[in-house]
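An overview of the molecular structure
Listed below are the residues making up each chain.
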Amino acid sequence: MIKLSHIEKTYDSPAGPVAALKGIDLEIARGEIFGIIGLSGAGKSTLVRCINMLERPTAGQVFVDGKELTAMDAAELRKTRKDIGMIFQHFNLLSSATVYENIAFPLKLAGMSADKIREKVEPLLKLVGLEAKASQYPSQLSGGQKQRVGIARALASEPKVLLCDEATSALDPQTTKAILELIRAINRKLQLTVVVITHEMQVIKDICDKVAVIDQGVIAEQGSVIDIFTNP
Ligand code: ADP
Ligand code: ADP
């Protein structure tokens, strides 16, 4: 579902070039929950942002569902991005919009009619357990509820891939568990491919099938979670 081939990313900075990714090769199968773990500064965020081309790699190829994103022009890329949902550490919700409107937002941008939007948003509210909160504003929600909105919004365009960038790092352990369980349930129900970026081992152990360890812009190790994290 996702293939990264020799991905390099170098940022220009006032202090000179910063090599954030130095030749990443990864393959993530359809329906898998794939974890990427590493210390702060290892290149996790850059890597996940290269998958949906929020960052353009300096070199290498990105394929999602058989299509090469690195070969696309801006218009093609906009279309293909609908296949890739993303959730964030700080949720990135619109504070002046209700739960319903936040989830509806990408559909509205895509020009969908209000009736069709309602048809999509209502089951999503149910899926994430927020039917009763549709008319509330983000400031009225707990962190876990905000992330449920983030998840529903990410799913609104019916993506094939869900990217989770430190999606539970701002949550307490109990809420983290509930959100991870929701992500796993959605992965199973929708056959969604999920990429989980985290610095927390427990997150990987809780839901990931496979894991890659990233260190200073290279993959240090990858394999099944059991093989990587079980000491011989
Ligand atoms: P992580 O998500 O693992 O903390 P990042 O991908 O954010 O790592 O960062 C990897 C490296 O790239 C770090 O050295 C960071 O300082 C650098 N970096 C990230 N974004 C930028 C940027 N926009 N400009 C310059 N350097 C950056
Ligand atoms: P606009 O942006 O054009 O003012 P809205 O986004 O407020 O429209 O509403 C679009 C549609 O979604 C309307 O049919 C509205 O009734 C419905 N809607 C808005 N909020 C909710 C909600 N909390 N629960 C159910 N339906 C809602």
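Description of the structure in this document. From a predicted model like this one, the values you see are computed outputs, not experimental measurements.

1. Some thoughts on the pairing of strand β6 (residues 84–88)
Among the 5 residues in β6, 4 count as buried, and that is most of the element. In the sheet, β6 pairs with strand β7 (residues 161–165) via 5 bridges, with the strands oriented parallel. The residue of β7 that forms the bridge with Met86 is Leu163.

2. Description of the pattern of salt bridges
Here the idea is simple: oppositely charged side chains can pair when their charged atoms come close. In this structure the tally under the stated criterion is 11 salt bridges. Between Lys210 and Glu32 there is a salt bridge; the shortest N-O distance is 3.3 Å. Highlighted residues: Lys210 in strand β9 (residues 210–215) and Glu32 in the loop between β2 (18–28) and β3 (33–37), separated in sequence by 178 residues. A salt bridge links Asp65 to Lys160; its shortest N-O distance comes to 2.8 Å. Separated by 95 residues along the polypeptide, Asp65 in the loop between β4 (59–64) and β5 (67–68) and Lys160 in the loop between α5 (143–155) and β7 bring together distant segments of the chain. Through salt bridges with shared partners, a single network forms among Arg30, Asp65, Lys67, Asp83 and Lys160.

3. Quick look at the environment of Asn52
By the secondary structure assignment, Asn52 is in the loop between α1 (44–51) and β4. On the basis of relative accessible area, Asn52 is assigned to the buried category, the value being 4%. Sequence separation of Asn52 and Asp83 is 31 residues, and the distance between their C-alpha atoms is 9.2 Å. Residues within four places of Asn52 in sequence aside, it is in contact with Arg81, Ile84, Met86 and Leu163. One polar contact links the side chain of Asn52 to the main-chain amide nitrogen of Leu54, over a distance of 3.2 Å.

4. Concerning the site of ligand 1
Near ligand 1 the following residues occur: Tyr11, Val18, Ala20, Leu39, Ser40, Gly41, Ala42, Gly43, Lys44, Ser45 and Thr46. Within the backbone of Gly41, one N or O atom sits 2.7 Å away from an oxygen atom of ligand 1. Where the shell around ligand 1 is concerned, the elements lending two or more residues are β2 and α1. Of the residues forming the shell around ligand 1, the biggest block, 3 residues, is contributed by α1. Looking at the shell around ligand 1 residue by residue, the classes come out as 5 nonpolar, 5 polar and 1 charged.

5. Concerning the site of ligand 2
Lining the immediate environment of ligand 2, one finds Tyr100, Glu101, Lys108, Arg118, Ala134 and Ser135. Glu101 is positioned with one of its side-chain polar atoms (N or O) 3.4 Å from an oxygen atom of ligand 2. Between ligand 2 and the protein, one listed contact pairs an oxygen atom with a side-chain N or O atom of Arg118 at 3.0 Å. Within the complex, the protein chains bury 51% of what would otherwise be the 560 Å² of accessible surface of ligand 2. Counting residues per element, the shell around ligand 2 draws most heavily on helix α3 (residues 99–109), at 3 residues.

Calculation notes
- Residues numbered from 1 in each chain as written.
- Chains lettered and ligands numbered in written order.
- Predicted model: local features only at pLDDT ≥ 70, side-chain atom pairs only at ≥ 80, totals over all residues.
- Heavy atoms only, no water.
- Buried < 20%, exposed > 50% of the residue type's maximum accessible area, 1.4 Å probe, protein only.
- Helix = DSSP H or I, 4+ residues; strand = E, 2+ residues; numbered from the N terminus.
- Pairing = 2+ DSSP bridges.
- Salt bridge = Lys/Arg side-chain N within 4 Å of Asp/Glu carboxyl O.
- Contact = heavy atoms within 4.5 Å.
- Polar contact = N/O pair within 3.5 Å; in protein donor to acceptor, adjacent residues only side chain to side chain.
- Near = heavy atom within 4 Å.
- Nonpolar A, V, L, I, M, F, W, Y, C, P; charged D, E, K, R; others polar.
- Areas by Shrake-Rupley, 256 points an atom, 1.4 Å probe, with all protein chains shown as cover.

Honestly, that's just the spatial picture; any functional story needs more than this.
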